[in-house]
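Fold and geometry: a report
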Number of protein chains: 2
Amino acid sequence: MNKHVFMFDDTDANGKELLGGKGANLAEMTRIGLPVPYGFTISTKACNAFYEAGEQLPADVKEQVDTALEKLEKTTGKGLGDRENPLLVSVRSGAVFSMPGMMDTVLNLGMNDETVVSMAELTGEPRFAYDSYRRFIQMFSDVVLGVDSEKFERKIETHKQLHGFSADPDLSASDWKTLIKQFQTIVEQETGRAFPQDPCEQMILAIQAVFGSWNNDRAQLYRKWHGIPGHLGTAVNIQSMVFGNTGNDSGTGVAFSRNPSTGESKLYGEYLINAQGEDVVAGIRTPQAIETLRDSMPDVYQTFAETCRRLENHYRDMQDIEFTIERGKLFILQTRNGKRTAEASVRIAVDMHEEEILTKDEALMRVDPEQLGQLLHRRIDETSSFEVLAKGLPASPGAATGKVVFSADDAEDKKAAGVPVILVRPETTPDDIHGIIAAEAVVTTRGGMTSHAAVVARGMGKACISGCSDVSIDLANKTFSVGSTEVSYLETVTINGGTGELMLGELTMADPELSDEFHRLLAWADDRKHLGIRTNSDTPDDAARALAFGAEGIGLCRTEHMFMDPERIPVVREMILALTSADRQQALDRLLPMQADDFRGIFETMGSRPVTIRLLDPPLHEFLPDKEELIKETAQLEITDPASNELKTKKELLREVRRLDESNPMLGHRGCRLAMVYPEIYAMQVEAIMHAAIDRAADGAAVRPEIMIPLVGHVNELKAMRRLVKESADRVLNETGEYVAYTIGTMIEVPRAALTADAIAAEADFFSFGTNDLTQTTFGYSRDDAENKFLQRYIDDETLADNPFMVLDSEGVGELVKIGVEKGRSVKEQLKTGICGEHGGETSSIAFCHAQRLDYISCSPYRVPLARLAAAQAAVVEQTGAAKEKINV
Amino acid sequence: MNKHVFMFDDTDANGKELLGGKGANLAEMTRIGLPVPYGFTISTKACNAFYEAGEQLPADVKEQVDTALEKLEKTTGKGLGDRENPLLVSVRSGAVFSMPGMMDTVLNLGMNDETVVSMAELTGEPRFAYDSYRRFIQMFSDVVLGVDSEKFERKIETHKQLHGFSADPDLSASDWKTLIKQFQTIVEQETGRAFPQDPCEQMILAIQAVFGSWNNDRAQLYRKWHGIPGHLGTAVNIQSMVFGNTGNDSGTGVAFSRNPSTGESKLYGEYLINAQGEDVVAGIRTPQAIETLRDSMPDVYQTFAETCRRLENHYRDMQDIEFTIERGKLFILQTRNGKRTAEASVRIAVDMHEEEILTKDEALMRVDPEQLGQLLHRRIDETSSFEVLAKGLPASPGAATGKVVFSADDAEDKKAAGVPVILVRPETTPDDIHGIIAAEAVVTTRGGMTSHAAVVARGMGKACISGCSDVSIDLANKTFSVGSTEVSYLETVTINGGTGELMLGELTMADPELSDEFHRLLAWADDRKHLGIRTNSDTPDDAARALAFGAEGIGLCRTEHMFMDPERIPVVREMILALTSADRQQALDRLLPMQADDFRGIFETMGSRPVTIRLLDPPLHEFLPDKEELIKETAQLEITDPASNELKTKKELLREVRRLDESNPMLGHRGCRLAMVYPEIYAMQVEAIMHAAIDRAADGAAVRPEIMIPLVGHVNELKAMRRLVKESADRVLNETGEYVAYTIGTMIEVPRAALTADAIAAEADFFSFGTNDLTQTTFGYSRDDAENKFLQRYIDDETLADNPFMVLDSEGVGELVKIGVEKGRSVKEQLKTGICGEHGGETSSIAFCHAQRLDYISCSPYRVPLARLAAAQAAVVEQTGAAKEKINV
């Protein structure tokens, strides 16, 4: 028989995989002697067994739960359903990766019409007992029985109005008693049977409900967003209840051992006096800062601060801790590695290395490369003038501009229509998760720094202001007001999550300021990584930005955008439409000095770093007017002005556009195929490159142009192109009498190039894997068509694990990269190899490139820091076998 | 020093590669004691050396020529330029593969102002001597000095008119003497120097001219058509002249040891009395049939017939022999394996096996599979009524219909415009080669069965009528007339090359009648081959045709053409434009019985043979109206009738067309990707297949449906499709209570499928390599775009050796096939594998499939016989190492 149930002090089980994160930590804390209310954990394997059995708890699990319950009763000296000394428990989910609020929880389980009476007698607080019972009925009915919570709330409202009460505390024990009766009637009406009085039945039902909630919509959505596999399952923790709502010497709170927003090494959190834990997380009441506990309960605070330190040292990471104070006694309900912003993540990692808690490798592994992008985004230009409309808590940093929406559904709709939105809510609940995903940022009027909105937004790297009480929302009319200022639905606002400030309109943005810790961490990464990190940049500005982010060269400078310049496009069109080679040459002669200027600027920025320039790639018709527009115009002119010259001209143009038109341009006349037919285009580009290089060389710069041929599929193409490039380059060198070293390489971006890489390598100084096109041809997917038509569906239904245009498909596309590198190196051992598809900026793809021993990856400027760190992590993982941690999920 | 020059009786050289075909055979015939005029051969390597030296004969070759010439003079007892006993020689090209008439020839070399006098004295025939001299000047000036032959012809014309002569024989020795003077003046005017009198200089110049002609336009075109590599070069043969034009006991002719048109084992040829060899080949005089020689010169005929038999037995193949009779003595000038029609090819191979000359394997290797197609083409329905307008010689069999053109250039122009043409000429010359390539068939009014037009047309498998003297052509007015009937430019005619008949208009065609030899040869092939041969057929008619040609099953039954039926297309559109799944199902329900009918017909035809049905593959927008047309129509309606319902409807339709529109449909939403989104489409198709199969099974037939999923790239797609197919099929089986075995397989047509074939094989009963799409994705070529835009250029400039859509690219695409087969079989040893791209009907690609041990290939019905033979040849080549011969080039 498999063991599915483990007491917190069982010694024969550990590990998050089996016990879930929460269960493992409860066991661990129990082991090291922290004040954890006793209980047991039902393993994640039991969850899988539950689903295999058709969403029923298998008999052997039930038996083990009974045995565990007996032990719990024995240890606590209480009994579930015992009239004399009733045991109450919480039933909580606890997955391998924390999914805050996504799954169900039941508190106060074990209450019934009898135990509530004993509770009242035992505690001498009947109001507390009946309040707890009604809370239990509400929660259990909602979570386990599926009765809409609103129905209960409406009864409470009615009761208040009837008796002139304004708030919950006005209700007495007998009020709650009356309401409990009404609640039970509701349950009977809705479910067709009485509210279950048997605490054992309650427990089995609750366990099943929690397991069942693993697959609710919001949990699935959350897992998808964070990339958590569905087969992991959740554990369930049964823990004896402690009560933070037994008076003013009780309370409950959440704290982080360091600031999860900035990383500052200082206790950070909040608590509520006389409340249960759910009240804090739900963000319904705005709690007090943890520091104030020092004054109100100095001993408790002292113990708590020490415990936090102990936990952080034990887990060697910043902790997110839930605690409850029951009549002056501190209990730790949960600890876990705390979610944090990118800024905090970097600072904590660096600090912990300085504090000698972590090695450098460990510090490097602690930061999620994907998170780094958040630090690079533009922020509000503080030197520009703007007026702050309202201020709340700086719950998650970052600047965001968007149109105001008031519901998660609106957020999702508008986002789908391409409108960036700011979600403004009184508070958010797990049901709003799709709205938070859709929004640029979230503002809540209630709740603290640890409220649902704050935690989720930080985890997603979205800006958030919580507890912004200046704002009052009118949900019905879709407006909010701050004093006399009214802001309506879809009005534009800007928020600064780092300061908690809300402003009207769109504000000027400025480049980010990068912290000292950021630079230190990435310097460590540079020391550790093997891969070179280059950038895909087409302009001096982009190149400069990439350099500031640590790029070591340009891996892909596309030349087509240079052709698209409005001033040049007429000349480019002349070139394309030229009927004779001489006319074409004339247009190219006019483009030559412009191109030379482009390259001069880039060489100037890059100094002696390598600059890989890809010669013209797209099909020529991309530079011509839109065909459909021309068809429409000529069709109409044929009616309105059939004899006009305009019609004649347009018809001629349309004929040319049609001549160049292609059924599948992606697989058409582009890349080096253009230059095989019109060699003069590449000749001009190479001359421009060499003129620019010579100018820079004359100024004493050691420029390093690397000329790259796109879309080679057969070695004979590269042979011809190599000859053409060499002739053109050497002509300029001979004419000017100058010398500049240059190399000639090729993109590997169609399968045939990879499959025949041995032949191709003989003609190439370097290979650059163009994994965007290689993905298109390997899968047979046109990216333009696939994403809307079927690819999203493939990802949703897990036909594909990832979007292959974002995450390199290691089985298929990766296999070709592998074949290409192996065959290439079999001919030329020192062949330089790189990758310049968008995958060059994606963590797992970078690890793949590291494993293939590529020389470099190239990515967009904003991905450069990510790439540096990811490359270092790949090296650490390979050498030490360290696992990549998912910190923020 | 390399030996470049070989006497005919040299024993240290042999082989066509070095000596060219003609040189090798001259040496061989000399060796076996046949009456061959003595001479020597300058090797093909010397040709390459000539080009390497910048089109100059290298000094060492010149020296060797001098030495060889000395030997020739010694053996013949004559001297080049010797006044007493002058040696005259012919200088002819002789490539590895015969290229009749494509390169240059010089006869009578060695004549000059002095030797002509000796010739006249020695022969006592001054007219013959001066006629020969003027012929030499004309030919040498044309071929070597580049003087337009017309200039000489005009002088002859003028001379005739001046003296009232009507034909050449009217001219006396002194007339020719006068003209020789005029000719020499022309040469001096045109070239700036006197006609070369030094025979040694003549020889070197002639050798250089012949080498130079290897790269003339027509030779290059011919090589391209026949796939002869350009690096082979030509040899040059220098042979002492014998004269067929020394009177009525002399003559010259060409004969085949068997009939090259039908294969009949009977001497076949023709000759001219008192003529030189060029007169026969050029087709200017219509010669006499070889049989008549039996009466005119019985001894010579007897000797010749024996020699032919001897040569055929020696070379073990049908021979094409040139001979000259000089004053009653027979000389053999050349022998080679004779070009032949497909019909002859098959019959000769079969006969020669029956005659115990060839083994079965050899017989199989003797027929070029590509030629077989000629036998399958439809022929004129002899039972229909038609009138024969004119009748000529049946020079090359086959029926053809086309529009009349009178020049090679017109033929080429019209062909390029998509118009099939019949080229009608007095005679053809090597300069007309592009016109013959362009034409469906050729008609000449002059020339015999061995004329240029006849030989070339037979080689290309085109129909030809030669010597059609009823026809008189008016080139100036572009008409021809037969009696009172005038036929003008671009009028349609039909010819029957097998009977020599020319008819007006387009005639009814009928299926071919296949000879007994054809069936026997292919039965031998079936015994020999390993590959199964299936067909790509979508209709019962096609399937029946393929069966008649020997197909063993259907390898690809496409279902999209079934959707294109005009009656169905409205329902198909309804299905596509359906907004709800229910509406879509309704349309599909109406398509179901139609589809079931389609399959029923095919199963009926195929009986118990396997039928692989590919479910719907093309993107749905292919079934919708043309987008450009809709844009035009709506644009115009917006002006002419902006409030009309028509505009509203068209706009809505346009919106839908746009929604389904794709930038790269080839890589878009098609194949199984359709069914991943709209599973009901495949479900309907599978139900239709199973209903049809069950109906047939109920009639007792053992139908074998194989259901094939297109465009699978990831195993998860195939998993989902397998589930869908199985559910749909089993539903029908359960409903009807019948049982029909079926299998489920996949196309391998994107690189990723091949690269992950191990995973995919686990879900597939069979693999069918769709090499059309696989070629597109492996190269990154859209076939629609590539062929016009750059692919033709790639083939012309030899960037690619072949069009990869016609000949499987074994390096790239083939590598993926190999990987796919290996990985697939690594998981499922008995995995059935086949190929269903167009390559399945191409000889070298079939050999590749054989080498990969595919189970079958599938090709279009008309390619089935070719595939059977090619598959057998692949097996023979593999087992015996036999080389594939190029017989008809």
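Quick caveat: nothing in here was measured; it's all calculated off a predicted structure.

1. Overview of the pattern of salt bridges
If you walk through the whole model with that rule in mind, you get 118 salt bridges over all chains. Among the ionic pairs, Arg218 of chain A bridges to Asp431 of chain A, the shortest N-O distance being 3.1 Å. Separated by 213 residues along the polypeptide, Arg218 of chain A in helix H9 (residues 217-226) and Asp431 of chain A in the loop between strand S15 (421-425) and helix H17 (433-438) bring together distant segments of the chain. Put simply, Asp516 of chain B and Arg520 of chain B hold a salt bridge, and the shortest N to O gap is 3.5 Å. Taken as a pair, Asp516 of chain B and Arg520 of chain B lie in helix H19 (residues 516-528) at a separation of 4 residues, close to a single helical turn. Classification of Asp516 of chain B as partly exposed rests on a relative accessible area of 49%. If you follow the salt bridges from partner to partner, you end up with Glu560, Arg614, Asp617, Arg670 and Asp773 of chain A in one network.

2. Let's talk about the relation of the copies chain A and chain B
These two copies of the chain differ by a rotation about an axis and a displacement along the same axis. Note on the copies: chain A fits chain B at an RMSD of 0.2 Å, the axial shift is 0.2 Å, and the rotation between them is 180 degrees. The two molecules are tied by a two-fold rotation axis, judged by turn and shift. Within chain A, Asn664 of chain A has its C-alpha nearest the rotation axis, a separation of 2.2 Å.

3. Concerning the domain arrangement of chain A
All names here are of chain A. Segmentation of chain A into domains returns domain 1 (74-240), domain 2 (251-337), domain 3 (378-510), domain 4 (529-617 + 672-880) and domain 5 (620-661). Placing a centre on the C-alpha atoms of domain 2 and another on those of domain 3 gives a separation of 27 Å. At the junction of the two partners, domain 2 supplies 13 residues and domain 3 supplies 13 residues. Carbon and sulfur atoms make up 51% of the area that domain 2 and domain 3 hide from each other, which totals about 990 Å². On inspection of domain 2 and its partner domain 3, the count reaches 0 salt bridges. Our count for the contact surface shared by domain 2 and domain 3 stands at 0 residue pairs in polar contact (both at pLDDT 80 or more). Looking at the side of domain 2 that touches domain 3, the elements that each hand over two or more residues are strand S6 (251-256), strand S7 (268-273) and helix H10 (277-281). Considered class by class, the residues forming the side of domain 2 that touches domain 3 number 9 nonpolar, 3 polar and 1 charged.

4. Some words on the nonpolar core
By size, the foremost hydrophobic cluster in this structure holds 415 residues, and its most contacted members are Phe40, Ile42, Met203, Phe304 and Phe323 of chain B. Residues within four places of Phe323 of chain B in sequence aside, it is in contact with Thr252, Gly253, Val254, Ala255, Tyr271, Ile290, Leu293, Phe304, Leu330, Phe331, Ile332 and Leu333 of chain B. The next biggest cluster of nonpolar side chains, apart from the first, holds 81 residues, and it includes Phe50, Leu80, Ala173 and Ile325 of chain A.

5. Thoughts on the interface of chain A and chain B
Listed as interface residues are 55 residues of chain A and, on the opposing side, 55 residues of chain B. Around 5000 Å² of area is buried between chain A and chain B when both sides are counted, 55% of it from carbon and sulfur atoms. On the chain A side of the interface with chain B, the three residues burying the most area are Leu667, Arg752 and Lys789 of chain A, jointly 13% of the side's total. Across the contact surface, chain A and chain B share 10 salt bridges. Across the pair Asp809 of chain B and Arg752 of chain A runs a salt bridge, and its minimum N-O distance is 2.7 Å.

6. A look at the sheet that holds strand S14 (residues 399-405) of chain B
Residues and elements named next belong to chain B. Judged by pairing direction, the sheet is mixed, and its 8 strands sit side by side in the order S12-S22-S21-S14-S15-S16-S17-S13 without closing on themselves. Strand pairing shows two members of the sheet lacking a second neighbour, strand S12 (388-391) and strand S13 (393-396), which therefore form its edges. Direction aside, neighbouring strands of the sheet carry axes that sit 30 degrees apart on average. Summarising the sheet, S14 and strand S21 (residues 492-496) pair through 5 bridges and their orientation is antiparallel. Each residue of the ladder has a partner; that of Lys403, found in S21, is Thr492. This element, helix H16 (residues 408-416), spans S14 and strand S15 (421-425) of the sheet and lies at about 175 degrees to S15.

7. Quick word on the packing of helix H20 (residues 540-548) of chain B against helix H23 (residues 581-606) of chain B
Residue and element names in this part refer to chain B. Orientation of H20 relative to H23, taken along the N-to-C sense of each, is 15 degrees, at an axis distance of 9 Å. In this view, H20 runs roughly parallel relative to H23, as classed from their interaxial angle. For the pair H20 and H23, the sense of crossing is right-handed. Of the residues in H23, those in contact with Pro540, Ala543, Ala544 and Leu547 of H20 are Gly601, Ile602, Thr605 and Met606. Tallied by class, residues from the contact of H20 with H23 come to 6 nonpolar, 2 polar and no charged.

Reading the values: rules and limits
- Residues numbered from 1 in each chain as written.
- Chains lettered and ligands numbered in written order.
- Predicted model: local features only at pLDDT ≥ 70, side-chain atom pairs only at ≥ 80, totals over all residues.
- Heavy atoms only, no water.
- Salt bridge = Lys/Arg side-chain N within 4 Å of Asp/Glu carboxyl O.
- Helix = DSSP H or I, 4+ residues; strand = E, 2+ residues; numbered from the N terminus.
- Buried < 20%, exposed > 50% of the residue type's maximum accessible area, 1.4 Å probe, protein only.
- Least-squares fit on C-alpha atoms with pLDDT ≥ 70 in both.
- Domains from an automatic or database assignment.
- Contact = heavy atoms within 4.5 Å.
- Buried area = accessible area lost by both parts, 1.4 Å probe.
- Polar contact = N/O pair within 3.5 Å; in protein donor to acceptor, adjacent residues only side chain to side chain.
- Nonpolar A, V, L, I, M, F, W, Y, C, P; charged D, E, K, R; others polar.
- Core = buried A, V, L, I, M, F, W, Y, C linked by side-chain atoms within 4.5 Å.
- Pairing = 2+ DSSP bridges.
- Axes fitted to C-alpha atoms, helices over the stretch in contact; angles between N-to-C directions.
- Parallel < 35°, antiparallel > 145°, perpendicular 65-115°, else oblique.
- Left-handed = near helix turned anticlockwise from the far one by under 90°.

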